Amino acid sequence: MAHIAVLGAGYVGLTTAACFSHLGHTVVCGDVLADRVDQLSRGEVPIREAGLEELVRTGLDGGHLSFVVGEQAAAAECEFCYLCVPTPQAPDGSADLSFIRQAASAVGSMLPPESVVVNKSTVPVGSTRVVEQALGRDDVKVASNPEFLREGSAVHDFLHPDRIVIGCEDQATAGRVAALFEGIQAPVIVTDPASAETIKYASNAFLATKVSFVNAIANVCEAVGADVREVVLGMGYDRRIGFEFLKPGPGWGGSCFPKDTRALIRIAEDAGYDFDLLKGVVAVNDAQFEKVVTKVEALAGGSVAEQVIAVWGLTFKARTDDLRGSPSLEIISRLQARGARIRAYDPAVTDAVDGLEVAADPYAACEGASVLLVLTEWDEFRWLDFEKVGGLMAERRMVDARNLLDPAAVRRRGFAYDAIGRS
Ligand code: UDX
């Protein structure tokens, strides 16, 4: 069992730290935010992530897991130092590596001899060199171990991954990193750092492509009178295609797809390749936001100005409380720009959201609304009393941008109903 430092206690770092401690390693997780460290040290997890709080508490109780302020305090005695710091989007679309550089240089002088620095943050090809330079150590090897964790099921994805990717020039070091995952049943792909870094971007870009593709097919379905749900059913049984990531919706978002697709476009451009296909994927996504706005306008009789629009769902997908890169917020701001008054409800959002009236329950959001817009696929929205919803609204009109509800049932209650790709 190893001593692991995890730098960064965000979604990725916290999941990594908790799961490694669950696997039996001794983990010290460092973050620069003292408040977050205090909270975590008490066993309180500030994010909604299935199973995470349980693992954090078990780790704390068993003494395998601790939280400290600062990178250096975390890395003092480690054999492996995981970098799980943010790589936000820089203004030019590239990934901003300043947190990576800062974390690596903070620990460079004090990492124990022969320790290994493992980068889990999503970084452009060649960043292993950046880490090596920031560390300034010949005896410390650097490896890349990208994460493929979906928010909401990150713990499950960590412990039951489809694959483990390790990018390292040095086979012995790659073997040491692979040994950390002992007990997990998954193929381990050991490769060079550039390939490992590319695998991460290519995977997210491909998944975003699938979603944009199905959203584009949904538009074709509307135009030709087909039903996208039937089309996906017929496509998905083809094992080369599959059913995953073919749910049409309001467009993809979140903390990864938007920045990773743009970063890959930029990486390709810098390397002399014009990634037109991926630019198209991003453009289709942007058009999808607008498509939803147009649907609301059409149901509202041509304009949303001065009208109350009820919105169900603010998070970028269900089973998370994360609002980062949420299509919902983008669509809301476009509706507001056209004069709409938004009243929103989300089961995972209780705090105030800038510029938004957030209702206490889904019914309250509908009071006096001229259109109800469903933007996140929370299961609980399926089981509400639509007679009551309709009674509260000024008009019975609904745009279901997740194809969540049964059109016939909603129409039976007198709603004008529109969805995605179902004419
Ligand atoms: C993603 C990747 O899945 C994960 O491997 C990576 O490490 C981080 O980025 P996450 O951001 O949690 O995970 O979201 P994901 O579940 O992949 O969904 C991304 C977006 O696509 C969401 O906005 C979601 O609503 C949308 N989506 C997904 C669809 O619209 N339709 C689908 O069929 C699937």
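In what follows, the accompanying structure is described. (Residues numbered from 1 in each chain as written. Predicted model: local features only at pLDDT ≥ 70, side-chain atom pairs only at ≥ 80, totals over all residues. Heavy atoms only, no water.)

### Some details on the side chain of Arg402
And then number 1: If you trace the backbone, Arg402 turns up in the loop between β13 (397–400) and α16 (407–412).
And then number 2: Relative accessible area serves as the criterion here: at 18%, Arg402 is assigned to the buried category.
And then number 3: A polar side-chain atom of Arg402 sits 2.9 Å from the main-chain carbonyl oxygen of Leu375.
And then number 4: A distance of 3.5 Å separates the side chain of Arg402 from the side chain of Glu377, its partner in a polar contact.
And then number 5: Excluding residues that lie within four positions of it along the chain, Arg402 makes contacts with Pro248, Pro250, Phe316, Lys317, Val374, Leu375, Thr376 and Glu377. (Helix = DSSP H or I, 4+ residues; strand = E, 2+ residues; numbered from the N terminus. Buried < 20%, exposed > 50% of the residue type's maximum accessible area, 1.4 Å probe, protein only. Polar contact = N/O pair within 3.5 Å; in protein donor to acceptor, adjacent residues only side chain to side chain. Contact = heavy atoms within 4.5 Å.)

### Considerations on the pattern of salt bridges
And then number 1: Taken as a whole, this structure holds 27 salt bridges when the rule is applied.
And then number 2: Among the ionic pairs, Glu357 bridges to Arg341, the shortest N-O distance being 3.5 Å. Within this pair, whereas Glu357 is found in strand β11 (residues 357–358), its partner Arg341 is found in strand β10 (residues 341–345), the two being separated by 16 residues in sequence.
And then number 3: With relative accessibility at 45%, the residue Arg341 sits in the partly exposed group.
And then number 4: Because the salt bridges share partners, they merge into one network encompassing Asp286, Glu290, Glu297, Glu330, Arg334 and Arg338. (Salt bridge = Lys/Arg side-chain N within 4 Å of Asp/Glu carboxyl O.)

### As for the layout of surface pockets
And then number 1: Considering only enclosed or pocket space, the second largest pocket measures out at about 240 Å³ in volume.
And then number 2: Contributing to the lining of the second largest pocket are 16 residues, with Thr128, Arg129, Glu132, Val142 and Glu169 lying nearest its centre.
And then number 3: Listed by contribution, the elements that provide at least two residues to the lining of the second largest pocket are α6 (127–135), β6 (141–144) and α9 (193–224).
And then number 4: By residue class, the composition of the lining of the second largest pocket is five nonpolar, three polar and eight charged. (1 Å grid on protein atoms, 1.4 Å probe; cavity = no way out; pocket = protein on both sides within 12 Å on 5 of 7 lines; lining within 4 Å. Points joined across faces, edges and corners; volume = space filled by probe spheres on them. Nonpolar A, V, L, I, M, F, W, Y, C, P; charged D, E, K, R; others polar.)

### Observations regarding the environment of Ala73
And then number 1: For Ala73, the position within the fold is in helix α4 (residues 71–75).
And then number 2: A relative accessible area of 45% places Ala73 in the partly exposed class.
And then number 3: Each C-alpha atom of the pair Ala73 and Val56 lies 19 Å from the other, and the pair is 17 residues apart in sequence.
And then number 4: Not counting the four nearest positions on each side in its chain, Ala73 is found in contact with Val28 and Val68.

Nothing here speaks to function; it is geometry throughout.
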